[in-house]
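One-letter residues, chain by chain:
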Amino acid sequence: MTQPKELWFVIINPASGNGSGKRKWPKIKRLLEQEKLNFYYALTEYSKHSLELAQNAIKKDIRNIICVGGDGTLHNIVNGVLSQNIVPSQKITVGVIPVGTGNDWVKTYGIPKDIKKAVDLIINGRTKTQDIGKIQFENSPEPPTYFNNLAGIGFDGFVVSRVETYKHLGSLSYLWAAIIGLFAFKNFEVKIIANSEEISGETLMILIGICQYSGGGMQFTSTPNPHDGLFDVTIGQNLSKYDIIRNLHRLFNATITLHKKVKTLKTNTLKIKTSVENPPLIQVDGELLGSGNIEISIVPKVFSFYF
C-alpha cells in the first residue's frame, strides 16, 4: 500500500513587503505544485494570525510549515511553534520564502530572496536548528514571547515604532526612521544584571542578538552565534545624537561595538530594569512588544528550519 505524501501547510502574509506577498503568491503556488508538494494554505488576515494558523496546523498533525512573508510573519510562526506543547518544537520544521521588507533573519543563513531558489532549498530538505530567545515581563501573568533574530530596547524599539511610516522605502526604512528618530528620542536610565555583573546608567539602546542582521541589514552585535547557547549583547551607554550620526556607517559592519561608549558581553540570561518615568520601548524581530522590566533567557537549539 502506498504511503500518503507528507502534508505541508503554507502561511502567506499578503501584506508583507508592501503587498509583495499577495503579488508573488500565485507564482510560489505554481512552483510548489510543480514540485508535487502535498500542501494546503492560508493567507493571514490580521496581526498575529500566522501564530494561530501555525498552532492549528500542528494540532492537525502537520509538521512542515512554509512561511511566505517577512521577519514579522516568521516571528509569529516561531511563537506559534514554541508556545505549543503538543510535540517538541524541534519536530516542526519551517521553510521560509522571504517576501518582506527587511528579510533580516534569512541573511544569516544565505536563504535567497529569489522565489525559485528559496523553494528549491525547502524541497532539498536540508535542515538546521538554532537557539531562540525568551522574554518574560516581570510580575506578568502573560505567557513569554520568543524571538529568533534580535531584541532591542530603547532607541531600537523607538525606531521600530516609526518604521511603518517609511515601509515604502524598503530596506532603507529602518535607517530613515533612525535618522528621524534621533531628534525625538531621549536616553533612559537602566539597570542590567548579567553574568553576576550589574551595569547601570543612562543608555541609548540595548541589543540582544542571536543572528547577525537587523534593521534592513544593520549589524548591531559583533559575534552572534545562533547555535552556541549565548546571546551577543551590545549596550550603547549614553551615546549622543552626534555619536550616532558620526558613526552611522559603523552600524552596517558591527564596528559600532568598538566605540568607547559601547559595552559588549556574552550571556545566556539577563535582567533589565528601567525607570517608570521613561520606560523604553522593546522590539523583538522588528515587532513592538511594549515596555517594562524583563528577564531574557536563551532556549538552546529548539527551532528547526530548512536552509
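The text that follows walks through the structure, step by step, so that each part is easy to find. On a predicted model such as this, the values are computed, not experimentally measured, just so you know.

1. Examining the sheet that holds strand E7 (residues 150-154)
Phase 1 of the analysis: With antiparallel pairing, 6 strands are arranged side by side in an open sheet as E12-E11-E10-E7-E14-E15. Strands with a single pairing partner mark the edges of an open sheet, and in this sheet they are strand E12 (262-267) and strand E15 (287-290). Across the sheet, the mean angle separating the axes of adjacent strands is 20 degrees when strand polarity is ignored.
Phase 2 of the analysis: As defined by bridge partners, E7 adjoins strand E14 (residues 282-284) across 3 bridges and the pair is classed as antiparallel.

2. Describing unusual backbone geometry
Phase 1 of the analysis: Located in the positive-phi region is Asn 103, a residue other than glycine, with phi close to 50 degrees.
Phase 2 of the analysis: Relative to the helices and strands, Asn 103 resides in the loop between strand E4 (93-98) and helix H4 (104-109).
Phase 3 of the analysis: Of note, Lys 301 is a non-glycine position whose phi angle comes to about 50 degrees, a positive value.
Phase 4 of the analysis: By the element assignment, Lys 301 lies in strand E16 (residues 294-306).
Phase 5 of the analysis: Its relative accessible area of 43% is what places Lys 301 among the partly exposed residues.

Thresholds, definitions, all that
Residues numbered from 1 in each chain as written. Predicted model: local features only at pLDDT ≥ 70, side-chain atom pairs only at ≥ 80, totals over all residues. Heavy atoms only, no water. Pairing = 2+ DSSP bridges. Helix = DSSP H or I, 4+ residues; strand = E, 2+ residues; numbered from the N terminus. Axes fitted to C-alpha atoms, helices over the stretch in contact; angles between N-to-C directions. Buried < 20%, exposed > 50% of the residue type's maximum accessible area, 1.4 Å probe, protein only.

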